[in-house]
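A look at the structure
The lines below spell out each chain.
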Amino acid sequence: MKQLLLIITCLLSLTVSSQSKSKTIHVFVALCDNVNQGIVPVPAKLGNGQDIKGNLYWSALYGVKTHFKNSKDWTLVSSKKDIGNHILERVLFKHKTTNTYLLADAYDGKYIKQTTIDFLEASAGRNPIAITHKEQTLQFGGDAQLVSYIGHDGLMEFNVQGNFKPINNKKRDAIILACISKDYFKPYLKQTKANPLVWTTGLMAPEAYTLKWAIDGWILNETDSQISERAAKAYHQYQKCGLKGAKRLLVSGY
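This section reports on the structure supplied with the text. (Residues numbered from 1 in each chain as written. Predicted model: local features only at pLDDT ≥ 70, side-chain atom pairs only at ≥ 80, totals over all residues. Heavy atoms only, no water.)

1. Brief notes about helix 5 (residues 208-219)
So the rule is basically this: Each helix is a run of DSSP H or I of at least 4 residues and each strand a run of E of at least 2, with the numbering of both proceeding from the N terminus. Multiplying 1.5 Å by the residue count of a helix minus one yields the expected span of that helix. For each residue, the accessible area found with a 1.4 Å probe, counting protein chains only, is set against the maximum for its type, and the residue is called buried under 20%, exposed over 50%, and partly exposed in between.
Along its 12 residues, helix 5 runs 16 Å from first to last C-alpha, staying within 8% of the 16 Å computed at 1.5 Å per residue. For helix 5, the full list of buried residues reads Ala208, Tyr209, Thr210, Leu211, Lys212, Ala214, Ile215, Asp216, Gly217, Trp218 and Ile219. Backbone geometry just downstream of helix 5 places Asn221 in the positive-phi region, at approximately 60°.

2. Describing the packing of aromatic side chains
Working definition: an aromatic ring pair is given by the centre-to-centre distance plus the angle between the planes. As a reminder of what qualifies: Only Phe, Tyr and Trp rings are paired, with Trp represented by its six-membered ring, and only when their centres lie within 6.5 Å; those with planes under 30 degrees apart are stacked, over 60 edge-to-face, the remainder tilted. Criterion for a charge above a ring: Arg CZ or Lys NZ at most 6 Å from the ring centre, at most 35 degrees from the ring normal.
Per the stated rule, a full pass over the model turns up 12 aromatic pairs. Taken together, a centroid distance of 5.2 Å and an interplanar angle of 85° make the contact between Tyr62 and Tyr209 edge-to-face. Residue Tyr62 is found in the loop between strand 1 (23-30) and helix 2 (64-70), and its partner Tyr209 is found in helix 5; the two are separated by 147 residues along the sequence. For Tyr209, a relative accessible area of 0% translates into the label buried. Residues Phe68 and Trp74 carry aromatic rings whose centres are separated by 5.6 Å and whose planes lie at 75° to one another, so their mutual orientation is edge-to-face. The exposure class assigned to Trp74 is buried, which follows from its relative accessible area of 1%. Members of the aromatic cluster, joined through ring pairs, are Phe28, Tyr107, Phe119, Tyr149 and Phe185. The ring centre of Tyr254 lies 5.4 Å from the NZ or CZ of Lys190, which sits over that ring.

3. A word on the pairing of strand 3 (residues 87-95)
Counted only if it meets this: Strands qualify as paired when DSSP identifies two bridges or more between them.
Of all 9 residues in strand 3, 8 are buried; the element is thus mostly enclosed. Note: strand 2 (residues 74-84) against strand 3, 8 bridges, orientation antiparallel. Within the sheet, the bridge partner assigned to Lys80 lies in strand 3 and is Arg90. A loop of 2 residues connects strand 2 with strand 3, the two strands running antiparallel in sequence, and Asn85 in this loop sits at a positive phi of about 55°. Counting the residues that bridge the hairpin from strand 3 to strand 4 (residues 100-107) gives 4 residues.

Quick look at the structure:
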């Protein structure tokens, strides 16, 4: 009987240890929208913000869902559509060699302002989301260790209000792939006290390869500068823009 209790205790301890070691990432994607966003119009199929199929930032070749689904490093765990709060699809990925999970939400492009608010509130530790996978409770939203915004920089056209005061002292990293995101998101990120792991100093295409390469370094616990350099290398590789230019574009810190 004592041996059985010891085995059960060890198993429970291993389960708790496994959960504590899991790393979580929450990506907020504002779908590309020709009609409702101040962008240079793209082909209609890519720029329909109310349709996840073919959207530039979601289902196109370098959209978040497609790029991570095609990656040799990630496995698609689940996909749910129309879950509410203007989210047209939510996908969960697991990293193949580490206990790292990525949750990505595709927001109706019409609601880019709400997407921005939700991202910023999460960067302040708010609006936690718990998802159970294989008897493991995964923490996203404000409880994720890394949060990311992907899409058009709507702060060029509007201001936002929300609960941006951090609720605790936990370290949260943020990746913001949108045009000139450092200038426009800085006042808000200073309020949330999240760490700007990667953001941008100029115009850019917020495609998922940059995010993926940055996350590769984050999983390895690299320094902020190493991670931003990874992001720059990815951007240069796909955009052929020159590595020096890419390093000036994708930076970390204030």
